[in-house]
Amino acid sequence: MFARVAASALVIVTLAVFDGAAAQTANQPPDTMAARVEACTPCHGNKGEGTSDVYFPRLAGKPAGYLYNQLLAFRSGRRKYPPMNYLLEFLPDPYLESMAEHFAGEHPPLPQPAPSEVSKDVLAQGELLATSGDAGRNIPACVSCHGPGLTGMQPGIPGLLGLRAAYISAQLGAWRYGTRTAKSPDCMQLVAGHLTEADVTAVAAWLATRPAPTNPAPVPKGTYALPFGCGSQPN
Ligand code: HEC
Ligand code: HEC
């Protein structure tokens, strides 16, 4: 009699332990990519296509190396935006690398360019800077690094299409004021340092009016030589 009670008690205890273990596994989110990027998509879109907020950038299709460099920069505070700085604070390198690869591999269509709020003259000045630069003021053409089609180059140079003017001018401003920096030599800091406020407005406005190219993919590494070195684009 005693033995039988003890035996059934043991069964109950064992069941309870088993249940507990099952409940615990069920409460832990599975470590899938969808779960990893759940915190990111409200601001960057389900496929990294961006949202209606003009300061929240598109991530989709940018070179993985570029995206990874940005995640490292936010984690270390070299690039500042508190919600992202906190979110990435304790994430290990391989985790960041796999999220970068995930968004680099998404290809939602580029948005329709927004109608511009600036005058034709300003747009023309923006186009001149982007395509020819201004040698007299030491401003290289943006296309000399971002590519003739502005689609960027693997692994570290982002394309400049599908971004809103507000975001582009905020980033150029951040380089001018030193709140965004990239790996040394930080070529974008040199470029942005030569731009005036008016240049920034013009070039950001013109870039935002560019239609999507047939092939928006970044060109392979080494497709063209850069006018000078960039720490984030190894030779
Ligand atoms: C609260 C909104 C928000 C959340 C959440 C968020 N981001 Fe961001 N993210 C931003 C903003 C805003 C920027 C641009 C910040 C700046 O001004 O430099 C940015 C920039 C980036 C960039 C650089 C893009 C570029 O073209 O330079 C990457 C990469 C990125 N985020 C990835 C992520 C990932 C991965 C997550 C999730 C782990 C995430 N973000 C979560 C708002 C957010
Ligand atoms: C010498 C090469 C070089 C030139 C010239 C250059 N860029 Fe860049 N640009 C880069 C590199 C490299 C990066 C990525 C930096 C990093 O890793 O954060 C970059 C990043 C950017 C970004 C950030 C994109 C994003 O998604 O946040 C913007 C905006 C930008 N460049 C605009 C311009 C404009 C406008 C011009 C022309 C006035 C220009 N660049 C000229 C090399 C260049």
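Throughout this document, residue positions are counted from 1 along each chain, in the order its sequence is written. Written order determines the labels here, with chains lettered from A and ligands numbered from 1. For this predicted model, a pLDDT threshold of at least 70 governs which residues receive local features, and a threshold of 80 or more governs which side-chain atom pairs are given and counted, while totals over whole chains, interfaces and linings are taken from all residues.

If you look the chain up in an unreviewed UniProt entry, it shows as Cytochrome c553 from Bradyrhizobium sacchari.

A. Quick look at the overall build of the chain. Scanning the chain for helices and strands turns up 11 helices and 0 strands. Every C-beta atom is placed from the backbone, and the number of other C-beta atoms within 10 Å of a residue's own sets its class: buried at 20 or more, exposed at 12 or fewer, partly exposed in between. For the chain, buried positions account for 32% of its 235 residues. Contacts in the chain between residues far apart in sequence, at least 24 positions, make up 71% of those at least 6 positions apart. Labels follow the DSSP assignment, with helices taken as runs of H or I lasting at least four residues and strands as runs of E lasting at least two, numbered in each case from the N terminus. C-beta atoms are first placed from the backbone for all residues, and any pair lying within 7 Å is then listed as a contact.

B. Local environment of the environment of Y68. As for its position among the elements, Y68 is in helix α4 (residues 64–76). When the C-alpha positions of Y68 and A100 are compared, they lie 5.2 Å apart, and in sequence the two are 32 residues distant.

C. Looking closely at the UniProt feature "binding site: heme c 1" (unreviewed entry) in the chain. This chain's UniProt record puts "binding site: heme c 1" (unreviewed entry) on C40, C43, H44 and M84. Over a stretch of 45 residues, the named residues converge on one spot in the fold, their C-alpha atoms separated by at most 11.6 Å. With respect to the helices and strands, C40 occurs in the loop between α2 (33–36) and α3 (41–44). Its location among the elements puts H44 in helix α3. Look past the residues within four positions of H44 in its chain and what remains in contact with it is G50, F56 and L59. UniProt positions are given in the numbering used here, feature names are shortened, and annotations may be inferred rather than shown by experiment.

D. Expanded view of the site of ligand 2. Among the 28 residues in the neighbourhood of ligand 2, the closest are listed as C142, C145, A182, C230 and S232. When the residues that make up the shell around ligand 2 are grouped by side-chain class, the tally is 21 nonpolar, 7 polar and no charged. Residue ranges for the domains originate in an automatic or database domain assignment. Residue assignment places the shell around ligand 2 across two domains, with domain 2 (36–108) and domain 3 (120–208) each supplying three or more. Defining nearness, a residue is near a molecule or strand when the C-beta atom obtained from its backbone falls within 6 Å of it. Think of it as three bins: nonpolar holds Ala, Val, Leu, Ile, Met, Phe, Trp, Tyr, Cys and Pro, charged holds Asp, Glu, Lys and Arg, and polar takes everything else, Gly as well.

E. Spatial organisation of the nonpolar core. Judged by nonpolar contacts, the single largest core of 44 residues is most densely connected at L67, A100, V203, A204 and L207. When contributions to this core are tallied by element, the ones reaching two or more residues are α4, α6 (93–104), α7 (120–131), α9 (165–177), α10 (187–193) and α11 (197–208). Among the elements that line this core, the one with the most residues is α11, at 8 residues. Residue contributions to this core reach at least three from each of two domains, namely domain 2 (36–108) and domain 3 (120–208). Beyond its immediate stretch of four places on either side in the chain, L67 contacts L59, K62, A100, F103 and A104. By convention in this section, buried Ala, Val, Leu, Ile, Met, Phe, Trp, Tyr and Cys residues joined through C-beta atoms within 7 Å make up a nonpolar core.

F. Molecular detail of the site of ligand 1. The local shell around ligand 1 holds 22 residues, among which C40, C43, Q70, Y81 and P83 are the closest. Of all elements in the fold, only α3, α4 and α5 (82–88) reach the threshold of two or more residues within the shell around ligand 1. Taken together, the residues that form the shell around ligand 1 break down as 17 nonpolar, 2 polar and 3 charged. When residues are assigned to domains, the shell around ligand 1 turns out to be shared by domain 2 (36–108) and domain 3 (120–208), each giving three or more.

G. Fine view of the environment of C230. For C230, the location among the structural elements is in the segment after α11. The exposure class assigned to C230 is buried, which follows from the 21 C-beta atoms found within 10 Å. The contact partners of C230, leaving out residues within four places of it in the chain, are G156, P185 and C187.

H. Local environment of α6. Between its first and last C-alpha atoms α6 spans 16 Å; for 12 residues at 1.5 Å apiece the expected length is 16 Å, and the two agree. When α6 is considered as a whole, its buried residues turn out to be M99, A100, H102, F103 and A104. A helix is expected to span 1.5 Å multiplied by its residue count minus one.

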